[in-house]
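Single-letter residue listing:
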Amino acid sequence: MSSNSGIQIPSRLPLLLTHEGVLLPGSTMRISVETARNMHLVKNRLLKGTSLKSTIIGVIPNTRDPEHDTEDLPTLHSIGTAGLAVQVVGSNWPKPHYTLLITGLCRFRVAQLLKEGPFPVAEVEQLDKLEQYTSPEEMSEAAGPEGELGELSKRFYQAAVQLVGMLDMSVPVVAKLRRLLDSLPRETLPDVLASMIHTSNKEKLQVLDAVSLEERFKKTLPLLTRQIEGLKLLQKTRKLRPDDNKRVLAVRKGGVLPGHQFSLDEEGEDEDGDDTAVLERKVKGANMPQPALRVCLKELKRLKKMPQSMPEYALTRNYLDLMVELPWSKSTTDCLDIHAARVLLDSDHYAMEKLKRRVLEYLAVRQLKSTLKGPILCFVGPPGVGKTSVGRSIARTLGREFHRIALGGVCDQSDIRGHRRYIYTDFTDHYLNVAFDLSQVLFIATANSTATIPPALLDRMEVLQVQGYTQEEKVEIAHRHLIPHQLEQHGLTPQQLQIPQDTTQDIISKYTREAGVRSLERKIGAICRAVAVKVAEGHTVTKSEAPDGVSADMAAPPDMPIVIDHIALKDILGPHVFEMEVSERLTLPGVAVGLAWTPLGGEIMFVEASRMEGEGQLTLTGQLGDVMKESAHLAMSWLRSNAKTYQLTNMVGGSDPLEGTDIHLHFPAGAVTKDGPSAGVTMVTVLASLFSGRLVRSDVAMTGEITLRGLVLPVGGIKDKVLAAHRAGVKRVIIPKRNEKDLEEIPANVRVELDFVTASNLDEVLNAAFDGGFPGMSNPLTLPHIVSKL
């Protein structure tokens, strides 16, 4: 170890202050980062560094970092451990925090503190060398056969072998440790074993402060001997199971083996050795109501009489463990600051005014009446519109804990209410079998559709519809939330990557077609990954950025920031996925555009019709449900009864459109099941176009239920349908007259760009769907009833 050659750590190291444990060279430890100075070190050094050198930091033990930057730097322990940060895991919710996985390299002494903020940096003196250590034989020869260091090394090695021999060698990690004892240099064994066996932080600190190897052996050997004697005593005084004397005990944090660590302490032992006594104290200290306490004491009495080999022993023990862990008398204090809640909701979510207003109403009532029971809110809307994130923001607003329970695919009520242990009960959890007060819990349910919710359950919830976003709202959400989040997730900064608003609009209109923003965030993530590769390699994003005569792959690092234009967008995301195809598909009679609602949001729906010689049959294709098939027959019957009025003919000019003619009505996207009455007006328009030979306007979409008398009835999902029409480039939307009230929910910028026709009968629908109207014998060329732009 006295060689002057070898790898050297940097002479200046940023310091991580920890009070929780002691990192020894050769061991690995997880360190929680929550204080201000340590947080700055992680963000400004570890997360932004690009070299191996930037991941080496100094860990100072026995030093508590103050909670705030303004406080003076505490007195630093003089000896620390240089460590390699091999993993950084973190989150910004509910507050920023990180966890570091650090492997100890060597000791160092703090020579001089260079700066205190935003995190301390010191000039250090390396104490241990990182060169190839000497072999055990070389060390013994160097120390001399009778030297004290050689004798200490030999005794320590023998004790380590004896300790490992008391464990179960059939366990792979134990066998690996035994092999390491023969392969590791003897001078590393004190640090390695001290980090594995049961020792206090004070004892580990003494080992760390032992700079000389001889002193280190002397400090660690008694700890090793104590562990051996403890295991021997345990074997003598305890009634052993067959495998108890050779078992591997609980895993501890950190270790010399990546991903593995041993603990030789009896962590499973209670202080007085009596599990049931400890459990009884926990039951009595849980502050549970008397009925629940009586049940627990009764179960505890049965548990004491059971042998541990009985299957019911584990069942009863698990039940009691759960009962004492429940928060019987614990609750959080709600934060009822309305102004702060409004600011938080507005900063977390763009738009969604109805939901935010309802949350503020709840907070206001709670402020006036503290005994208000928590309502059950149900957010219903397409995926990706922010239903779950609103629930998380509500928890932040109230200062409560947030727990998400996914019920997708659950078909057994016992998965929710609990499986019965003995007898059947009503109105309580089947597993607990006692009452538990949940009246102050704010339950928030989310769903894509109410169709699958049982009516009795739906009647007990307050349903709030969460509609899809407009293109302008998506652009705003992308630049406020999605792009900053993805930049952080991919280690980029706004100084390295910029996505202009027109590029974001291209992503929304040409690469995604959804009500929410989930696919949009994935596309932004794909852009960040592509740019991260180019930044890491020093390459440009597109060939157009390379200098003349130099290929893009060989170009120098790109100019910062990298701006994503439409050329770079196509290079990264590929050809456009969606095109404005409405006008292209309405080039023949017998085609019209309808509007449909799905759990994923609104969609435009093409309807096609053709006719051929036949026997008057109507064929329907496209996976249609019964209601939709009935709407098709209604449309056909109404047109036949009004054929003379609208001068509709069959293929040979007859007044009955079906005479000698077969009609085929098709709804494309045949793999998707379709049903509902709202396509009635679209079917009438398609068939009227087919029978008259006239083209439907290419900028019109429609929705509405029909009757046999030609009335147009209201339908649902108007906002989602209108937004889908707007995304598809439609300019005129035909809706039922009785749905006019629903237009108030449409964003003002969308209403300005669309013409709405509110129709009460099919005459008005046909006049609005064709250029110049659709005249009948008694209604020549009447202009469509167009409602002004709202």
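Residues numbered from 1 in each chain as written. Predicted model: local features only at pLDDT ≥ 70, side-chain atom pairs only at ≥ 80, totals over all residues. Heavy atoms only, no water.

The protein chain appears in an unreviewed UniProt entry as Lon protease homolog from Salmo trutta.

1. Some points on the overall build of the protein chain
On a plain count of helices and strands, the protein chain comes out with 25 helices and 20 strands. Relative to its full complement of 790 residues, the protein chain shows a buried share of 44%. If you take every contact in the protein chain between residues at least 6 apart in sequence, the share linking residues at least 24 apart comes to 71%. Of the roughly 40,600 Å² that the protein chain leaves accessible, carbon and sulfur atoms contribute 52%. (Helix = DSSP H or I, 4+ residues; strand = E, 2+ residues; numbered from the N terminus. Buried < 20%, exposed > 50% of the residue type's maximum accessible area, 1.4 Å probe, protein only. Contact = heavy atoms within 4.5 Å. Areas by Shrake-Rupley, 256 points an atom, 1.4 Å probe, with all protein chains shown as cover.)

2. Digging into the sheet that holds strand 9 (residues 462-465)
The pairing of strands in a sheet comes from backbone hydrogen bonds and takes either a parallel or an antiparallel form. Taking strand neighbours across the sheet as the criterion, the three strands line up as 8-7-9 in an open arrangement whose pairing is parallel. The sheet is open, and its two edges are formed by strand 8 (443-447) and strand 9, each paired on a single side. The average angle at which neighbouring strand axes cross in this sheet is 25 degrees, direction not considered. As defined by bridge partners, strand 7 (residues 376-380) adjoins strand 8 across five bridges and the pair is classed as parallel. (Pairing = 2+ DSSP bridges. Axes fitted to C-alpha atoms, helices over the stretch in contact; angles between N-to-C directions.)

3. Description of the UniProt feature "binding site: ATP" (unreviewed entry) in the protein chain
Within this structure's numbering, the places UniProt gives as "binding site: ATP" (unreviewed entry) are Gly381, Pro382, Pro383, Gly384, Val385, Gly386, Lys387 and Thr388. Inspection of the secondary structure assignment puts Val385 in the loop between strand 7 and helix 13 (387-398). Classification of Val385 as buried rests on a relative accessible area of 1%. Excluding residues within four positions of it along the chain, Val385 makes contact with Met352, Val466, Gln467, Gly468, Tyr469, Ala515 and Gly516. As for its position among the elements, Thr388 is in helix 13. (UniProt positions renumbered as here; feature names shortened; annotations may be inferred.)

4. Quick look at the nonpolar core
In this structure, Leu665, Phe667, Leu687 and Ile734 are the most contacted members of the largest nonpolar core, which totals 44 residues. Those elements giving two or more residues to this core turn out to be strand 12 (591-598), strand 13 (601-613), helix 21 (626-641), strand 15 (661-666), helix 22 (680-692), strand 16 (700-702), strand 20 (755-759) and helix 25 (762-769). In terms of residues, this core owes the most to one element, helix 22, which gives eight residues. Beyond its immediate chain neighbours, meaning those up to four positions away, Leu687 contacts Ala609, Ala635, Met636, Leu639, Ile663 and Leu665. Counting 41 residues, the second largest nonpolar core, distinct from the first, contains Ile477, Leu487, Ile508 and Leu520. (Core = buried A, V, L, I, M, F, W, Y, C linked by side-chain atoms within 4.5 Å.)

5. Here we look at the pattern of salt bridges
Per the stated rule, a full pass over the model turns up 25 salt bridges. Here Asp334 makes a salt bridge to Arg366, at a shortest N to O gap of 3.1 Å. With Asp334 in the loop between helix 10 (311-325) and helix 11 (338-348) and Arg366 in helix 12 (residues 353-368), this pair connects stretches of sequence that are 32 residues apart. Summarising the burial analysis for this pair, Asp334 and Arg366 share the class buried. In this structure, the salt-bridge partner of Lys354 is Glu745, at a minimum N-O distance of 3.8 Å. (Salt bridge = Lys/Arg side-chain N within 4 Å of Asp/Glu carboxyl O.)

6. Things to note about the environment of Phe156
By the secondary structure assignment, Phe156 is in helix 3 (residues 148-165). Taking the C-alpha atoms as reference points, Phe156 and Leu224, separated by 68 residues in sequence, lie 8.1 Å from one another. Sequence-distant contacts of Phe156, that is, excluding residues within four places in its chain, are made with Leu189, Pro190, Leu193, Phe217, Thr220, Leu221 and Leu224.

7. Remarks on the packing of aromatic side chains
Each aromatic ring pair is characterised by the separation of its centres together with the angle its planes make. Tallying each qualifying case throughout the model produces five aromatic pairs. The interplanar angle of 70 degrees and the centroid separation of 5.5 Å between the aromatic rings of Phe156 and Phe217 together place this pair among those described as edge-to-face. Of this pair, Phe156 sits in helix 3 while Phe217 is found in helix 7 (residues 213-237), placing the two residues 61 residues apart along the sequence. We note that Phe156, like Phe217, is buried. Judged by centre distance (5.8 Å) and plane angle (45 degrees), the ring pair of Trp638 and Tyr646 falls under tilted. Judged by relative accessible area, Trp638 falls into the buried class, the value being 5%. Overall, Tyr646 belongs to the buried group, its relative accessible area being 8%. Put simply, the rings of Trp638, Tyr646, Phe770 and Phe774 pair up and form one aromatic cluster. Above the face of the Phe119 ring, Lys115 is positioned so that its terminal group lies 5.2 Å from the ring centre. The ring centre of Tyr157 lies 4.2 Å from the NZ or CZ of Arg186, which sits over that ring. (Phe/Tyr/Trp six-rings, centres within 6.5 Å; stacked < 30°, edge-to-face > 60°. Lys NZ or Arg CZ within 6 Å of the ring centre and 35° of its normal.)

8. Here we look at helix 21
Taking 1.5 Å of rise per residue, 16 residues should cover 22 Å, and helix 21 covers 23 Å from first to last C-alpha, within 8% of that figure. Of all the residues in helix 21, the buried ones are Met628, Ser631, Ala632, Ala635, Met636, Trp638 and Leu639. Buried residues of helix 21, seen end-on, are gathered within an arc of 165 degrees and therefore sit on one face of the element. Residues of helix 21 that are exposed and angled more than 90 degrees away from the buried face: Asp626, Glu630 and Ser641. Where helix 21 is buried, its residues contact strand 13, strand 14 (618-621), strand 15, helix 22, strand 17 (705-706) and helix 25. (Expected span 1.5 Å × (residues − 1). Arc of directions from axis to C-beta.)

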